[in-house]
Amino acid sequence: MKNTKSTKVIATVMAIVIAISSLCVITAVSANAASYAGSAQAHASEKMGPMTTSVPAVTTKLNKTAKAYKFVCTGQTKQGYDWDYTANNSNIKVTCKYDFKTHTYTFKFTGTAKGSTVMNFKYRANDKTWVKVPMNFKVDAQKNIMRTK
């Protein structure tokens, strides 16, 4: 009788261990399958290849879409340089780097929001002369910019 009780206890413990182990394996396989499906979905665009054409970082050409438009010119004043602009829209940001050795302006125009802009841009060629450069821009939903005039 002692043998029978001890066999039943061992069999019960083994059955519980096997049931818990099976449950853990099923849970692990399910979790692994779920994470694999998620990662496959997350990287589906990489597997399919690029969907759109590449937009260049910078352009200096008219009617060419890019992340930024660059305008380069020269001028020198007693203070070094001077520039200004007015625009009918605030969807464009303008920055300037001036090289004091070569007296070169390098302007960078970037889009901040979708829309069209008419800009009256000007810079000083010397202390007495403002050079006026009318510019029109289009900015798309991805903030790519194109100078059209």
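Before reading on, note that the structure itself is shown above.
Residues numbered from 1 in each chain as written. Predicted model: local features only at pLDDT ≥ 70, side-chain atom pairs only at ≥ 80, totals over all residues. Heavy atoms only, no water.

A.B. asks: I'd like a rundown of the pattern of salt bridges, residues and numbers included.
C.D. replies: As enumerated under the stated definition, the model contains 1 salt bridge in all. Arg 124 is the partner of Asp 82 in a salt bridge, and the nearest nitrogen-oxygen pair spans 3.3 Å. Here Arg 124 lies in strand β6 (residues 115-124) and Asp 82 lies in the loop between β2 (68-74) and β3 (83-87), a separation of 42 residues in the sequence. Classification of Asp 82 by relative accessible area gives partly exposed; the value is 30%. (Salt bridge = Lys/Arg side-chain N within 4 Å of Asp/Glu carboxyl O. Helix = DSSP H or I, 4+ residues; strand = E, 2+ residues; numbered from the N terminus. Buried < 20%, exposed > 50% of the residue type's maximum accessible area, 1.4 Å probe, protein only.)

A.B. asks: Describe the nonpolar core, listing the residues and the values that go with them.
C.D. replies: Ranked by internal contacts, the top residues of the largest apolar core, which has 17 residues, are Phe 71, Phe 107, Phe 109 and Phe 121. Of all the elements in the fold, those that place two or more residues in this core are β2, β4 (92-99), β5 (104-111), β6 and β7 (130-139). With 4 residues, the single largest contributor to this core is β7. Discounting chain neighbours no more than four positions away, the residues touching Phe 121 are Phe 71, Trp 83, Asp 84, Tyr 85, Val 94, Phe 107, Phe 109, Val 131, Lys 132, Val 133 and Met 135. (Core = buried A, V, L, I, M, F, W, Y, C linked by side-chain atoms within 4.5 Å. Contact = heavy atoms within 4.5 Å.)

A.B. asks: For the sheet that holds β5, give the residues involved together with the corresponding values.
C.D. replies: Spatially, the 4 strands line up as an open sheet ordered β1-β2-β5-β4, and their pairing is mixed. Lying at the two open borders of the sheet, with one neighbouring strand each, are β1 (58-59) and β4. (Pairing = 2+ DSSP bridges.)

A.B. asks: Which residues make up the environment of Met 146, and what values go with them?
C.D. replies: As for its placement among the helices and strands, Met 146 is situated in strand β8 (residues 145-147). Met 146 gets classed as partly exposed once you look at its relative accessible area, which sits at 22%. Linking Met 146 and Asn 63, residues 83 residues apart in sequence, is a C-alpha distance of 5.7 Å. With sequence-adjacent residues up to four places away left out, Met 146 is seen in contact with Asn 63, Lys 64, Thr 65, Asn 136, Phe 137 and Lys 138.

A.B. asks: I'd like a rundown of unusual backbone geometry, residues and numbers included.
C.D. replies: Backbone geometry at His 103 places phi at a positive 55°, although glycine is not the residue there. Topologically, His 103 is positioned in the loop between β4 and β5. Phi angles above zero are rare outside glycine, and Lys 143 is one such case at about 70°. Structurally, Lys 143 can be placed in the loop between β7 and β8.

A.B. asks: Would you mind going over the packing of aromatic side chains in detail, with residue names and values included?
C.D. replies: Applying the stated rule across the entire model yields 18 aromatic pairs. Taking 4.7 Å as the distance between ring centres and 85° as the angle between the ring planes, the aromatic pair formed by Phe 107 and Phe 121 counts as edge-to-face. Note that Phe 107 is positioned in strand β5 and Phe 121 in strand β6, a separation of 14 residues in sequence. Across the pair, exposure class does not vary: Phe 107 and Phe 121 are buried alike. If you follow Lys 122 out to its NZ or CZ, it ends over the ring of Trp 130, 4.7 Å from the centre. (Phe/Tyr/Trp six-rings, centres within 6.5 Å; stacked < 30°, edge-to-face > 60°. Lys NZ or Arg CZ within 6 Å of the ring centre and 35° of its normal.)

Read these as spatial facts, not as claims about activity.
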